[in-house]
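Breakdown of the fold
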Amino acid sequence: MANFDVIIIGGGPGGYVCAIRCAQLGLKTAVVEGRETLGGTCLNVGCIPSKALLHATHSLHEAEHNFAKMGLKGKSPSVDWDQMKAYKQEVVDGNTKGIEFLFKKNKVTWLKGWGSIPAAGQVKVGDEVHEAKSIVIATGSEAASLPGVEVDEKTVVTSTGALTLNKIPKSLVVIGAGVIGLEMGSVYARLGSEVTVVEYLEAITPGMDAEVARSFQKILAKQGIKFVLGAAVQGVTTKGGKAKVTYKLRKDESEAVLDADCVLVATGRKPYVDGLGLEALGVEMEKRGQVKTHHFATNVKGLYAIGDAIVGPMLAHKAEDEGMALAEILAGKAGHVNYDVIPGVVYTTPEVASVGKTEEQLKEAGRAYKVGKFSFMGNARAKAIFQAEGFVKILADKETDRILGAHIIGPMAGDLIHEVCVAMEFGASAQDLALTCHAHPTYSEAVREAALACGDGAIHA
Ligand code: NAI
């Protein structure tokens with residue numbers, strides 16, 4: 001038994017960031033993590049390994065489609081799938097070991113094992129019970145199940161199994177055109193799989209600005225990904241390592257079947273709080289399974305929750321921000337998260353990024369707004385790398401010019417979005433961005449041009 005100021009259950013981006021900040025603020029801190037490595041879903045089987053595979057397969061795409069155009073001739077590379085997976089694992093290992101190093105550096109104790117909360121102020125790990133003034137639930141989420149679909153992580157996989165398939169499938173059916181489905185669908189399409197995405201709604205990426213989503217779908221279709229929209233998957237059957245996916249078209253209730261070597265179920269995630277003992281403790285929950293919180297505090301004294309386990313977008317950076325804010329609160333400071341400025345990024349090629357309101361949300365709220373749009377066709381750098389298809393769209397208040405949202409589809413969109421995030425944090429107007437000198441030639445000039453388009457007009461349009 002040991003006594004801590006804070007024990008955090010879960011070593012993912014929410015938990016480990018919270019722990020490091022708690023320790024930096026002078027609190028005696030421990031993290032309970034049952035995996036062999038720190039970093040949670042994000043580092044082990046989520047954001048990081050998928051980015052390694054996206055990078056590798058984007059490089060392959062470049063070699064196959066663009067090298068010759070640039071005068072780089074010769075045989076294009078062949079794919080050694082085992083080596084690609086080994087590279088991906090090296091990237092993961094480097095990052096998870098990095099968190100272990102940061103724990104040592106900041107004197108955060110790693111309590112190895114799965115934790116539960118037998119009583120307020122206590123955390124049980126294995127046979128040991130530890131005490132803490134504050135306990136933080138940072139246990140994350142798991143893939144949601146779909147009725148009629150049994151996941152075996154071989155033929156029918158979640159995002160976890162999709163990272164370690166034995167071989168590259170000839171055909172892959174992806175259920176759900178959300179972020180996971182499109183990122184992993186892109187990986188396998190570039191590796192030569194015939195990829196079909198079946199989506200319940202009439203558009204891909206629910207919640208995304210509709211104009212961006214339409215453009216995104218067109219670009220992905222050109223890359224060879226097929227879409228069946230407005231289709232509800234009814235079930236998946238498997239036989240001899242092959243699968244049949246049955247779906248019903250919502251418009252006429254007609255049924256169809258798709259054959260596939262592999263099926264990726266990417267229909268969302270749900271909070272993971274199993275085995276913590278929350279029911280016995282009387283912890284209040286939301287209807288959709290999240291822990292109910294107010295400024296991260298649950299209804300049980302000294303018990304807090306952050307990240308995917310609570311309400312809000314299931315994003316690693318949202319969890320990290322909550323982790324930092326809660327650490328400050330626990331140290332007697334004023335921790336705060338601005339939920340109006342949380343970017344979202346899809347790491348396909350091109351990348352898609354957004355922050356703030358979509359046009360649909362502004363219309364629904366009856367807000368008078370103006371749109372500044374700029375195509376990457378007018379951006380020299382984007383043209384040089386064959387990625388001029390996308391655009392930047394900035395939405396600003398019609399009267400005050402204050403930036404309300406930004407939506408980017410194009411090269412490095414996931415990085416470009418942050419200049420708009422910073423601007424929004426400072427309550428900037430589109431003109432503030434437009435008057436800021438941007439280095440030439442950079443992709444970021446497209447952001448400035450979109451801001452200019454909110455005023456007197458873009459230059460290169
Ligand atoms: P999602 O919620 O983004 O998308 C799920 C899609 O499945 C929806 O479009 C939904 O309409 C569709 N769907 C649901 N039931 C269906 C059915 N029976 N038939 C056909 N379609 C159906 O979920 P996803 O992609 O699994 O991601 C889970 C979470 O992980 C999300 O919160 C996402 O933001 C996060 N994530 C974020 C990443 C990033 O930021 N780059 C990367 C990967 C995941």
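Residues numbered from 1 in each chain as written. Predicted model: local features only at pLDDT ≥ 70, side-chain atom pairs only at ≥ 80, totals over all residues. Heavy atoms only, no water.

Things to note about the environment of Val 157
Our working rule: Note on conventions: DSSP H or I runs of at least 4 residues are helices, E runs of at least 2 residues are strands, and numbering of each starts at the N terminus.
By secondary structure assignment, the location of Val 157 is in strand β8 (residues 156-157). Once the C-alpha coordinates of Val 157 and Met 412 are considered, the two residues, 255 residues apart in sequence, prove to be 29 Å apart.

Some words on the packing of helix α3 (residues 47-65) against helix α4 (residues 81-106)
Let me state the cut-off plainly: Lines are fitted to the C-alpha atoms to define the axes, a helix being fitted only along its stretch in contact, and any angle between axes, read from their N-to-C directions, falls within 0 to 180 degrees. Every angle not falling under 35 degrees, over 145, or within 65 to 115 is termed oblique; those three ranges are roughly parallel, roughly antiparallel and roughly perpendicular. It is the rotation of the near helix from the far one that decides the hand of a crossing: anticlockwise by less than a right angle makes it left-handed, clockwise makes it right-handed. Residues count as neighbours in contact if any of their non-hydrogen atoms are within 4.5 Å of one another. Classes in brief: Ala, Val, Leu, Ile, Met, Phe, Trp, Tyr, Cys and Pro nonpolar; Asp, Glu, Lys and Arg charged; the others, Gly included, polar.
Where α3 contacts α4, the axes come no closer than 9 Å and their chain directions differ by 135°. Put simply, α3 runs oblique to α4. With respect to the hand of their crossing, α3 and α4 are arranged in right-handed fashion. Between α3 and α4, the residues in contact are Ile 48, Pro 49, Ala 52, Leu 53, His 55, Ala 56 and Thr 57 and Trp 81, Met 84, Tyr 87, Lys 88, Val 91, Val 92 and Asn 95, respectively. Of the residues in the contact of α3 with α4, the class split is ten nonpolar, three polar and one charged.

A word on the sheet that holds strand β18 (residues 344-346)
The cut-off we apply is this: Strands are labelled as partners when DSSP assigns at least two bridges between them.
Pairing is antiparallel in the open sheet, where five strands are placed in the order β18-β19-β22-β21-β20. Single-partner strands in this sheet number two, and they are β18 and β20 (369-375). When the angles between neighbouring strand axes are averaged without regard to direction, this sheet yields 10°.

Observations concerning the pattern of salt bridges
Our working definition: By salt bridge we mean one thing: a side-chain nitrogen of Lys or Arg within 4 Å of a carboxyl oxygen of Asp or Glu. Each residue is assigned to one of three classes by its accessible area relative to the maximum for its type, calculated with a 1.4 Å probe on protein chains only: buried under 20%, partly exposed between the two thresholds, exposed over 50%.
A full pass over the atoms with the stated rule returns 16 salt bridges. Note that Lys 373 is salt-bridged to Glu 211, the shortest N-O span being 2.4 Å. Of this pair, Lys 373 sits in strand β20 while Glu 211 is found in helix α7 (residues 210-222), placing the two residues 162 residues apart along the sequence. The partly exposed category is assigned to Lys 373, whose relative accessible area is 36%.

Quick notes on a nonpolar patch on the surface
Applicable threshold: Patches were defined on residues exceeding 30% relative accessible area and lacking a salt bridge, with like-charge contacts within 9 Å and nonpolar side-chain contacts (Val, Leu, Ile, Met, Phe, Trp, Tyr) within 5 Å. Method for areas: the Shrake-Rupley scheme with a 1.4 Å probe, in which residue coverage is limited to the protein chains shown.
Taken together, the side chains of Phe 67, Met 70, Leu 72 and Phe 386 make up a nonpolar region of the molecular surface, amounting to roughly 340 Å² of accessible area. Its place among the elements puts Met 70 in the loop between α3 and α4. The class of Met 70 is partly exposed, set by a relative accessible area of 43%.

Some words on the domain arrangement of the protein
Spelled out, the test is: Start and end points for every domain follow an automatic or database-based domain assignment. Two parts placed together each lose some accessible area under a 1.4 Å probe, and the buried area is that loss summed for both. A 3.5 Å cut-off defines polar contacts: any pair of N or O atoms within that distance qualifies, except that in protein one atom must be a possible hydrogen donor and the other a possible acceptor, and neighbouring residues in sequence count only when both atoms are side-chain atoms.
Taken domain by domain, the protein comprises domain 1 (3-143 + 270-330), domain 2 (156-267) and domain 3 (344-453). Computed from C-alpha coordinates alone, the two centres of domain 1 and domain 2 are separated by 27 Å. Contacts between the two partners involve 18 residues from domain 1, matched on the other side by 15 residues from domain 2. Together, the buried faces of domain 1 and domain 2 total about 1300 Å²; carbon and sulfur atoms form 67% of this surface. Here domain 1 is connected to domain 2 by one salt bridge. Note that Glu 183 is salt-bridged to Lys 51, the shortest N-O span being 2.9 Å. Inspection of the region where domain 1 meets domain 2 yields six residue pairs in polar contact (both at pLDDT 80 or more).

What about the pairing of strand β19 (residues 351-356)?
As judged from the three bridges shared by β18 and β19, these two strands associate in the antiparallel manner. By the bridge assignment, Val 346 is partnered in β19 with Val 352. Count of turn residues in the β18/β19 antiparallel hairpin: four residues. As judged from the six bridges shared by β19 and strand β22 (residues 403-410), these two strands associate in the antiparallel manner. Opposite Glu 351, over in β22, you have Gly 410 as the bridge partner.

Considering the side chain of Asp 401
Structurally, Asp 401 can be placed in the loop between β21 (391-397) and β22. A distance of 2.9 Å separates the side chain of Asp 401 from the side chain of Lys 370, its partner in a polar contact. Of the polar contacts made by the side chain of Asp 401, one reaches the backbone nitrogen of Gln 431; its length is 2.9 Å. In this view, Asp 401 contacts Lys 370, Ala 396, Ala 428, Ser 429, Ala 430, Gln 431 and Cys 454; residues no more than four positions away in its chain are not counted.

Structural notes on the packing of helix α1 (residues 13-24) against α4
Pairs of packed helices are described in terms of their axes, by the angle between the two and the distance that separates them. At a closest axis distance of 10 Å, the pairing of α1 and α4 adopts a crossing angle of 20°. Accordingly, the angle class assigned to the pair α1 and α4 is roughly parallel. The hand of the α1/α4 crossing is left-handed. Packed against α1, whose contacting residues are Tyr 16, Ala 19, Ile 20, Ala 23 and Gln 24, the element α4 presents Ile 99, Leu 102, Phe 103 and Asn 106 at the interface. Considered class by class, the residues forming the contact of α1 with α4 number seven nonpolar, two polar and no charged.

A word on the packing of aromatic side chains
We count it as follows: We call Phe, Tyr and Trp rings a pair once their centres come within 6.5 Å, taking the six-membered ring for Trp, and we label the pair stacked below 30 degrees between planes, edge-to-face above 60, and tilted otherwise. Any Lys NZ or Arg CZ that is within 6 Å of a ring centre and within 35 degrees of that ring's normal is treated as a charge sitting over the ring.
Evaluation of the coordinates by the stated rule reveals one aromatic pair. Ring plane angle 65° and centroid distance 5.8 Å describe the contact between Trp 81 and Tyr 188, whose orientation is recorded as edge-to-face. Taken together, the residues span a long stretch of sequence, with Trp 81 in helix α4 and Tyr 188 in helix α6 (residues 179-190) at a distance of 107 residues. Overall, Trp 81 belongs to the buried group, its relative accessible area being 7%. Its end group placed over the ring of Phe 386, Lys 69 keeps NZ or CZ at 4.8 Å from the ring centre. Its end group placed over the ring of Phe 391, Lys 373 keeps NZ or CZ at 4.6 Å from the ring centre.

Thoughts on the nonpolar core
Stated precisely, the cut-off is as follows: Take the buried Ala, Val, Leu, Ile, Met, Phe, Trp, Tyr and Cys residues and link them wherever side-chain atoms come within 4.5 Å; each set so joined is a nonpolar core.
In terms of nonpolar packing, the biggest core is built from 52 residues, with Phe 103 and Ile 137 touching the most fellow members. Per-element tally for this core: the top contributor is α1, with seven residues. Excluding residues within four positions of it along the chain, Phe 103 makes contact with Tyr 16, Ala 19, Ile 20, Val 31, Leu 38, Val 108 and Trp 110.

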